[in-house]
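Results of the structural survey
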Amino acid sequence: MNDPSFPVPLWVWAAVTVGICVMLAVDLIAHRDNHVIGFREAAIWSSVWIAIGLGFGLILLAWQGGEVSSTYYAGYLIEKALSIDNVFVFALVFSFFAVPDAYQHKVLFWGVLGALAARLVFIFVGAELLQVFFWTAYVFGAFLIWTGWKMAFSKDEEVHPDRNPVVRLVRRIIPTDPRFRGDRFFVRRNGKRVATLLFVVLVAIEATDLVFAVDSVAAVLAITTNTFLVWTANAFAVLGLRSLYFCLAGLLRRFAHLHYGLAVLLAFAGVKLILSETPVGKLPIPLTLGVITLTIAVSIAWSLITTRNQPVEKGKRVAGPEADAAADDGTVAADRRPTARRSTPDRRSP
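Residues numbered from 1 in each chain as written. Predicted model: local features only at pLDDT ≥ 70, side-chain atom pairs only at ≥ 80, totals over all residues. Heavy atoms only, no water.

1. Here's the deal with the layout of surface pockets
- By volume, the second largest pocket amounts to about 280 Å³.
- As for the second largest pocket, its lining consists of 13 residues, and the residues nearest its centre are Ile50, Lys80, Ile84, Leu244 and Ile300.
- Every element with two or more residues in the lining of the second largest pocket is listed here: helix 2 (39-64), helix 3 (66-96), helix 9 (241-248) and helix 11 (285-306).
- When residues of the lining of the second largest pocket are assigned to their parent elements, the largest contribution, 5 residues, is made by helix 3.
- Its residues assigned to classes, the lining of the second largest pocket comprises 11 nonpolar, 1 polar and 1 charged. (1 Å grid on protein atoms, 1.4 Å probe; cavity = no way out; pocket = protein on both sides within 12 Å on 5 of 7 lines; lining within 4 Å. Points joined across faces, edges and corners; volume = space filled by probe spheres on them. Helix = DSSP H or I, 4+ residues; strand = E, 2+ residues; numbered from the N terminus. Nonpolar A, V, L, I, M, F, W, Y, C, P; charged D, E, K, R; others polar.)

In structure tokens form, the structure reads like this:
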């Protein structure tokens, strides 16, 4: 595969990793209290994370030139677009378990940490496979095309996060309190340490994101197998996932046709990956960047135009002091959860 290759000193890897950790720490400190994150606050933080992600591309431009910078931007954009699909599923999980607004940001913070760790592993494993075994490009490419087809044409179906095998295994192994106990993941009951319902929600989020990580990493590997570019594109896109959720949670119904655009992007990435191991070779980065940008813009515009008369869904989740009261008297319990239904075709049920 013809990839932009350039030496990345160990200190650069270390500096980027430390920078990501510092940004996570800043995000944690900024939201250390259990306040409900509103649209304005979420929009500000989303703008900050997007500015950082775009700014890193400018650093690459000054350091390694336009080809490397364009490759990074292509990976970043496709990751950012796919992260919107994550938001749909996160909203369903929170709705299913009736998670109070005030505690959602804590679950998403630890969910982002897990997402970064999973993607780092998948990146190095996937890049190594593509470099050593050329035929894995056909396997990954076919997987992306199949995933795109399933996203575009699957029927709506109910989602039951509590039926996730990982969630069921955790509940079987770890004693679980069926209620929320403030923002705690574990509490002591009768002298024993037990997991709360909030921990079960975290497990459901992490288990779901493992599936997301496979095709999102594969999509970026279709653009480049340079591990530094794939990692940074993934990391800077995922860092803003929590803010993106709170920014878009009330607007999800407006993105009625976005899944078609994401399906096109996944299928395009699959075709691109397969072509890279044929006489056609790797498609030019400017073409890739143009297809990604145009697809995202058209699918979002199409969605907003066709749903312009739909009201914004406010939701009916417990928030603030009421959440504590609900947790204390057990009104937000496992047996009172609503059944969740996806508003977009379900390609990966948690």
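What follows picks up the thread again.
2. Quick look at the packing of helix 3 against helix 8 (residues 227-239)
- Running from amino to carboxyl end, helix 3 crosses helix 8 at an angle of 40°, the nearest separation of the two axes being 8 Å. Between helix 3 and helix 8, the angle falls in the class oblique. When the axes of helix 3 and helix 8 are compared, the crossing they make is right-handed. In this structure, helix 3 uses Val68, Thr71, Tyr72, Gly75, Tyr76, Glu79 and Lys80 to contact helix 8, whose residues at the interface are Leu229, Thr232, Ala233, Asn234, Phe236, Ala237 and Val238.
- For the contact of helix 3 with helix 8, the per-class residue count stands at 8 nonpolar, 4 polar and 2 charged. (Axes fitted to C-alpha atoms, helices over the stretch in contact; angles between N-to-C directions. Parallel < 35°, antiparallel > 145°, perpendicular 65-115°, else oblique. Left-handed = near helix turned anticlockwise from the far one by under 90°. Contact = heavy atoms within 4.5 Å.)

3. Quick word on unusual backbone geometry
- Look at Ala98: it is not a glycine, yet its phi comes out positive at around 50°.
- Residue placement: Ala98 occurs in the loop between helix 3 and helix 4 (101-132).

4. Description of the pattern of salt bridges
- Going through the model one piece at a time under the given rule, you end up with 5 salt bridges.
- The shortest N-O distance in the salt bridge between Asp177 and Arg181 comes to 3.0 Å. With respect to burial, Asp177 and Arg181 carry one shared label: buried.
- The shortest N-O distance in the salt bridge between Arg189 and Asp177 comes to 4.0 Å. Of this pair, Arg189 sits in strand 2 (residues 186-189) while Asp177 sits in the loop between helix 6 (165-173) and strand 2, placing them 12 residues apart in sequence. (Salt bridge = Lys/Arg side-chain N within 4 Å of Asp/Glu carboxyl O. Buried < 20%, exposed > 50% of the residue type's maximum accessible area, 1.4 Å probe, protein only.)

5. Section: a nonpolar patch on the surface
- Taken together, the side chains of Val121, Val125, Leu129, Val132, Phe133, Phe134, Trp135, Tyr138 and Val139 make up a nonpolar region of the molecular surface, amounting to roughly 810 Å² of accessible area.
- Here the element with the most residues in the nonpolar patch is helix 4; it accounts for 4 residues.
- For Phe134, the location among the structural elements is in the loop between helix 4 and helix 5 (136-153).
- The partly exposed category is assigned to Phe134, whose relative accessible area is 48%. (Patch = residues over 30% accessible without salt bridge, like charges linked within 9 Å, V, L, I, M, F, W, Y side chains within 5 Å. Areas by Shrake-Rupley, 256 points an atom, 1.4 Å probe, with all protein chains shown as cover.)

6. A closer look at the packing of aromatic side chains
- Counting across every chain of the model gives 19 aromatic pairs.
- Taking 6.3 Å as the distance between ring centres and 90° as the angle between the ring planes, the aromatic pair formed by Trp63 and Phe228 counts as edge-to-face. Taken as a pair, Trp63 in helix 2 and Phe228 in helix 8 lie far apart in primary sequence, 165 residues in all.
- On the accessibility criterion, Trp63 (38% relative accessible area) is partly exposed.
- When its relative accessible area of 1% is taken as the criterion, Phe228 is described as buried.
- Ring geometry for Phe96 and Phe97: centres 5.2 Å apart, planes at 80°, overall edge-to-face. Phe97 shares its class with Phe96; the two are buried. (Phe/Tyr/Trp six-rings, centres within 6.5 Å; stacked < 30°, edge-to-face > 60°.)

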